[in-house]
Amino acid sequence: MAVASENRVLSYSVFKWSSYSSTYLPENILVDKPSDQSSRWSSESNYPPQYLTLKLERPAIVQSITFGKYEKTHVCNLKKFKVFGGMSEENMTELLSSGLKNDFNKETFTLKHRIEEQMFPCRFIKIVPLMSWGPSFNFSIWYIELHGIEDPDVVQPCLNWYSKYREQEAIRLCLKHFRQHNYTEAFESLQKKTRIALEHPMLTHLHERLVLRGDFDACEELIDKAVRDGLFNQYISQQEYKPRWSQIIPKCNKGDGDDNRPGMRGGHQMVIDVQTETVYLFGGWDGTQDLADFWAYSVQDNQWACLSRDTEKEGGPSARSCHKMCIDSQRRQIYTLGRYLDSSVRNSKSLKSDFYCYDIDNNAWTLLSEDTSADGGPKLVFDHQVCETGLCLYTHTHTHIDNNPCFWDCEAVLTWCVCVCLSVRVCLSVCVCVSVYVYVCVCVVPMTGFTQRATIDPELNEIHVLSGLSKDKDKREENVRNSFWIYDIARNNWSCVYKNDQAVKEAPTKSLQEEEPCPRFAHQLVYDELHKVHYLFGGNPGKSCSPKMRLDDFWSLKLCRPSKEYLLRHCRYLIRKYRFEEKAQTEPLSALKYLQNDLSLTVDHSDPDETKEFQLLPSALFKASSDFIPLGFSGVDQTYAQRTQLFDTLVNFFPDSMAPPKGNLVDLITL
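S.K.: How should the overall build of the protein chain be read in this particular structure?
M.R.: Summing up its helical and strand segments, the protein chain has 10 helices and 36 strands in all. In the protein chain, which comprises 671 residues, the proportion classed as buried is 48%. Considering only contacts in the protein chain between residues 6 or more positions apart, those separated by 24 or more positions represent 60%.

What follows is the structure, encoded as structure tokens:
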């Protein structure tokens, strides 16, 4: 059955509410009247909890929710909110956490409606406002529309599965509780009766070796196998990135002057050949004039090489800025299109849009078109975007009034075609996932701005965005603040991994300036997806006291997550640390030797925190045996309880599909 064809508007009634003020009744959200300021629900206060609970006419798979708005911006619009859903009002699951833009456009959000790839039904939807756009203002909702599937032939099997799923999870929680408290007979009896597995057999084997037998060597072997089999990959992918900036100081040959590397500039262009680890840089604006120099930086040699001081003299493009380049690494060709022209020098001749190709192996430029507009392509553009897929070049003509993306078929003789029309954006960034999709990433996080830079990692399925110049609507002034955002395509969510704090400091320290690049715009960013490194060069620091100032600093950025090797070492450390503490209670001399010879090998002695913890471990040799039982393990042998705690810690590194349920049975008991 085609589920997509079943999607429709779902009927509902307003079932319950926290409060309302004056004539702003809860049932007003049933009618969409964007021009009527009174057609809304408004809470009596902004003191939590405020909510609206909706009851569907019948159980349905609720796939999305649409918020209508007033025809103008409004201080009571929801800046942050959450949506919950379930079959009963007492037992609901979080379906969405998001916020509305403060404008007049309707917004539709996809709701969580699957567990383990299986759809689940809801009868109740609860909307919980958390913050309004105006500080200290009450919350308002103007109109709500729910979309989903209500066909009984689809919903009923999902309802049956959901009931069975809840029953199974309840039994697994009981099994987890029985085993944690060493109720062996109850555990075995329930498992035999229900035939429900608590976890993957590999984790059952780990529990047996660690908790029941105390075979720590076998535990390390199991962890080692899990890492080699890639079982920790999901955990790694869920960890937050930590940015690591490094300033690149290129090598200089003896006797070289200041012209052995690119000078200060903004509005330049860079591309990278990831196979040879070579960054190419062309053109830009130095604060006074456009540039036509062409450079190559070898990552392996850490050295710049000037390919041309003036490409125009060698049959290449003239001096320019705000142009765009892309590279075809297989054909070893670089394409460049567009440039900025000041209004004072624009005429019919200067407005021609030339299109060039550079052959890397032959060090030669070829003019593909004197005027792409005359060949059926875009007119002269700047601050646009260009990318290639190996077969076609795509460009989005941001600053020209046509605003139509076009592509060039590299196999044919200069053929331009108009693709789907996209709305105008501020300095759009276009990324391409080779041979799969073309992703157009409009950089609106944290806010819209100029000279946003975006890259894509097809392997990790991520889009990376480095912000540029933005306008503060409240202060009516421009701010240069850089932040680095990652969009997870599969999970459809953004996360900010880096914010430059120098913008809020009157005089940033020298050490801070050496640790990370200063805020800037009109910079250029490229990404080596094979080695997972970004390269940043130059830009405009936006200093009002020095409007012509440009930058020539060069940086690399690595986004770091725990590696497999780190997790393997850390797990060994946790196992050996507990093994030492257990030995210290009965065999202090043997424990001391183990500390010096075995446990020490798993410590990162360059990490101050880990080193300090290691240095404090010998104190366990002098502690008297304690009868302290960890919280939640009353009535259980101390050794069993502490080994169980270690097991629970190790399980966190395994995929959720293999592990026992996250919660604990006792947590369901409220006081």
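S.K.: Is there a simple way to think about the sheet that holds strand β36 (residues 551–560) in this case?
M.R.: Sheets are built from strands that pair by backbone hydrogen bonding, the pairs being arranged parallel or antiparallel. Spatial strand order, β13-β36-β35-β34: four strands in an open sheet with antiparallel pairing. The strands lining the two open edges of the sheet, one partner per strand, are β13 (242–247) and β34 (524–528). Shown here is a sheet whose adjacent strand axes are inclined to one another by a mean of 25°, direction ignored. Strand direction decides the pairing type here: strand β35 (residues 533–539) and β36, joined by five bridges, are antiparallel. Looking at β36, one finds that Leu-536 is bridged to Trp-555.

S.K.: Just to check I follow, could you spell out the sheet that holds strand β28 (residues 453–457) for this structure?
M.R.: Ordered by their spatial adjacency, four strands build an open sheet running β28-β29-β32-β33, and the pairing between neighbours is antiparallel. Lying at the two open borders of the sheet, with one neighbouring strand each, are β28 and β33 (493–499). Each strand axis lies, on average, 20° off the axis of its neighbour in the sheet, ignoring direction. Taken together, the six bridges between strand β32 (residues 483–488) and β33 define a ladder with antiparallel strand orientation. Across the sheet, the residue bridging to Phe-484 is Tyr-498, located in β33.

S.K.: In this structure, what is going on with the pairing of β34? I would like to understand it.
M.R.: For a regular strand, side-chain orientation follows a simple rule: the groups alternate between the two sheet faces. Across the five residues that make up β34, a large majority, five, are buried. Residues of β34 alternate between two faces, with Gln-524, Val-526 and Asp-528 on one and Leu-525 and Tyr-527 on the opposite face, all of them buried. By the bridge criterion, five bridges tie β34 to β35 in an arrangement that is antiparallel. From the neighbouring strand, Leu-525 faces β35, where its bridge partner is Leu-536.

S.K.: What is the right way to read the pattern of salt bridges from this model?
M.R.: Where charged atoms of side chains with opposite charge meet at close range, the side chains can pair. The final tally for this structure, using the stated rule, is 31 salt bridges. Residue Asp-103 is joined to Lys-69 by a salt bridge in which the shortest nitrogen-to-oxygen separation is 2.6 Å. Of this pair, Asp-103 sits in the loop between β6 (91–98) and β7 (107–110) while Lys-69 is found in the loop between β4 (52–68) and β5 (78–88), placing the two residues 34 residues apart along the sequence. Residue class for Asp-103 comes out buried when judged on its relative accessible area of 18%. When salt bridges with common partners are traced through the structure, they connect Glu-57, Arg-58 and Glu-150 into a single cluster.

S.K.: So what exactly am I meant to see when it comes to unusual backbone geometry here?
M.R.: Of all residues except glycine, most have a negative phi; of all peptide bonds, most are trans. Here the amide bond leading from Pro-48 into Pro-49 is cis, since omega sits at 0°, within 30 degrees of zero. Mapped onto the secondary structure, Pro-49 falls in the loop between β3 (41–42) and β4. Look at Ser-22: it is not a glycine, yet its phi comes out positive at around 50°. Tracing the backbone through its elements, the reader meets Ser-22 in the loop between β2 (12–17) and β3. Ser-22 sits in the exposed class, given a relative accessible area of 60%. One non-glycine residue, Asn-363, adopts positive backbone phi at about 50°. Along the chain, Asn-363 falls in the loop between β20 (355–359) and β21 (364–369).

S.K.: I'm lost on the environment of Trp-485 in this one. Help?
M.R.: Locating Trp-485 in the fold gives a position in strand β32. Sequence separation between Trp-485 and Cys-496 is 11 residues, and the spatial gap between their C-alpha atoms is 4.4 Å. Looking at Trp-485, its side chain comes within polar contact range of the side chain of Ser-483, at 2.9 Å.

S.K.: Hey, could you run me through the side chain of Glu-462 in this one?
M.R.: On the secondary structure map, Glu-462 appears in strand β29 (residues 462–466). Within the structure, the side chain of Glu-462 is placed 3.0 Å from the side chain of Tyr-241, a separation counted as a polar contact. Not counting chain neighbours up to four residues away, the residues in contact with Glu-462 comprise Tyr-241, Thr-455, Ile-456, Asp-457, Ile-486, Tyr-487, Ile-489 and Arg-561.

S.K.: I tried to follow helix α8 (residues 588–597) on my own but got confused; where do I start?
M.R.: One turn of the α-helix equals 3.6 residues, which is why residues spaced by three or four share an orientation. When we look at burial in α8, the residues that qualify are Ala-591, Tyr-594 and Leu-595. On an axial view of α8, the arc spanned by its buried residues comes to 100°, and they lie on one face. Turned more than 90 degrees off the buried face of α8, the exposed positions are Leu-589, Lys-593 and Gln-596. Buried residues along α8 sit against α7 (564–586) and α9 (608–616).

S.K.: Sorry if this is basic, but what is going on with the packing of α7 against helix α10 (residues 638–651) here?
M.R.: Think of two packed helices as two axes; the pair is described by the angle between the axes and how far apart they sit. Remark: α7 packs on α10, axes separated minimally by 11 Å, with the N-to-C direction vectors making an angle of 175°. With respect to their mutual orientation, α7 and α10 come out roughly antiparallel. On the side of α7, the interface is formed by Cys-571, Leu-574, Ile-575, Tyr-578 and Glu-582, while α10 contributes Thr-639, Gln-642, Arg-643, Leu-646, Thr-649 and Leu-650. Of the residues in the contact of α7 with α10, the class split is six nonpolar, three polar and two charged.

S.K.: Sorry, what's going on with the nonpolar core here?
M.R.: Proteins that are soluble and globular tend to have nonpolar side chains buried together. Of all hydrophobic cores here, the largest spans 43 residues; its most connected members are Leu-210, Ile-223, Phe-232, Phe-580 and Phe-654. Among the elements of the structure, α3 (201–212), α4 (216–228), α7, α8 and α10 are those that each provide at least two residues to this core. One finds Leu-56, Leu-78, Val-83 and Phe-109 within the second-largest nonpolar core, a separate group that totals 31 residues.

S.K.: Explain the confidence of the model for the protein chain to me, please; I cannot follow it from the model alone.
M.R.: Low pLDDT marks regions whose predicted coordinates should not be analysed in detail. Averaged over the protein chain, the pLDDT score is 86; the fraction of residues at 70 or greater is 83%. Taken element by element, the protein chain is modelled with least confidence in strand β27 (residues 437–441), mean pLDDT 38, and with most confidence in β3, mean pLDDT 98. Ignoring residues within four places in sequence, the model shows residues 401–413, a span with pLDDT below 50, making 51 contacts including any to other chains. Between residues 430–444, whose pLDDT stays under 50, and residues either more than four places distant or in other chains, the model counts 39 contacts.

S.K.: Mind showing me how you'd approach the side chain of Asp-553 here?
M.R.: Along the polypeptide, Asp-553 turns up in strand β36. Reaching out from Asp-553, the side chain makes a polar contact with the side chain of Arg-520 at a distance of 2.7 Å. Discounting residues that sit within four places of it in the chain, Asp-553 has contacts with Gln-247, Arg-520, Leu-536, Phe-537 and Gly-538.

S.K.: Mind showing me how you'd approach the environment of Gln-191 here?
M.R.: Assignment of secondary structure puts Gln-191 in helix α2 (residues 184–194). Put simply, Gln-191 and Cys-174 are 17 residues apart on the chain and 9.9 Å apart in space, counted from C-alpha to C-alpha. Not counting chain neighbours up to four residues away, the residues in contact with Gln-191 comprise Leu-175, Ile-196, Ala-197 and Leu-198.

S.K.: Just checking my understanding: could you explain the packing of helix α1 (residues 152–180) against α2 for this structure?
M.R.: Close contact between α1 and α2 brings their axes to 8 Å; oriented N to C, the two are set at 155°. By the criterion of interaxial angle, the relationship of α1 to α2 is roughly antiparallel. When you trace α1 past α2, the crossing you get is left-handed. Here Ile-171, Cys-174, Leu-175, Phe-178 and Arg-179 of α1 come into contact with α2, specifically with Ala-186, Phe-187, Leu-190, Gln-191 and Thr-194. Here the residues of the contact of α1 with α2 sort into seven nonpolar, two polar and one charged.

What counts, and where the lines are drawn
Sequence order as written defines residue numbering, which begins from 1 separately in each chain. Whole-chain, interface and lining totals are the exception, using all residues; otherwise, since this is a predicted model, local features are given only for residues with pLDDT of at least 70 and side-chain atom pairs are given and counted only at 80 or more. The side-chain figures draw on all heavy atoms in the structure; neither hydrogens nor water molecules are used. By definition, any uninterrupted DSSP run of H or I lasting at least four residues is a helix, any uninterrupted run of E lasting at least two residues is a strand, and each is numbered from the N terminus. The buried label applies to any residue whose accessible area, calculated with a 1.4 Å probe on protein chains only, is under 20% of its type's maximum; exposed applies above 50%, and partly exposed to all values in between. Two residues qualify as a contact provided that any one of their heavy atoms is within 4.5 Å of a heavy atom in the partner residue. Each pair of strands is called paired provided DSSP finds at least two bridges between the two strands. In this analysis, axes come from line fits to C-alpha atoms, helices being fitted only over the stretch in contact, and the angle between any two N-to-C directions falls in the range 0 to 180 degrees. Basic side-chain nitrogens of Lys or Arg form a salt bridge, by our definition, when they fall within 4 Å of a carboxyl oxygen of Asp or Glu. We call two N or O atoms a polar contact when they sit within 3.5 Å, provided that within protein one can donate a hydrogen and the other can accept it, with sequence-adjacent residues counted only if both atoms are side-chain atoms. What the arc covers is the set of directions going from the helix axis to the C-beta atoms. These descriptions rest on fixed angle ranges, namely under 35 degrees for roughly parallel, over 145 for roughly antiparallel, 65 to 115 for roughly perpendicular, and the rest for oblique. Side-chain classes are defined by residue name, with Ala, Val, Leu, Ile, Met, Phe, Trp, Tyr, Cys and Pro counting as nonpolar, Asp, Glu, Lys and Arg as charged, and the others, Gly among them, as polar. Each nonpolar core is a collection of buried residues, namely Ala, Val, Leu, Ile, Met, Phe, Trp, Tyr and Cys, held together in the definition by side-chain atoms within 4.5 Å. Residue-level confidence of the predictor, termed pLDDT, takes values from 0 up to 100. For any pair of crossing helices, the crossing counts as left-handed if the nearer helix is rotated counterclockwise from the farther one by less than a right angle, and right-handed if it is rotated clockwise.

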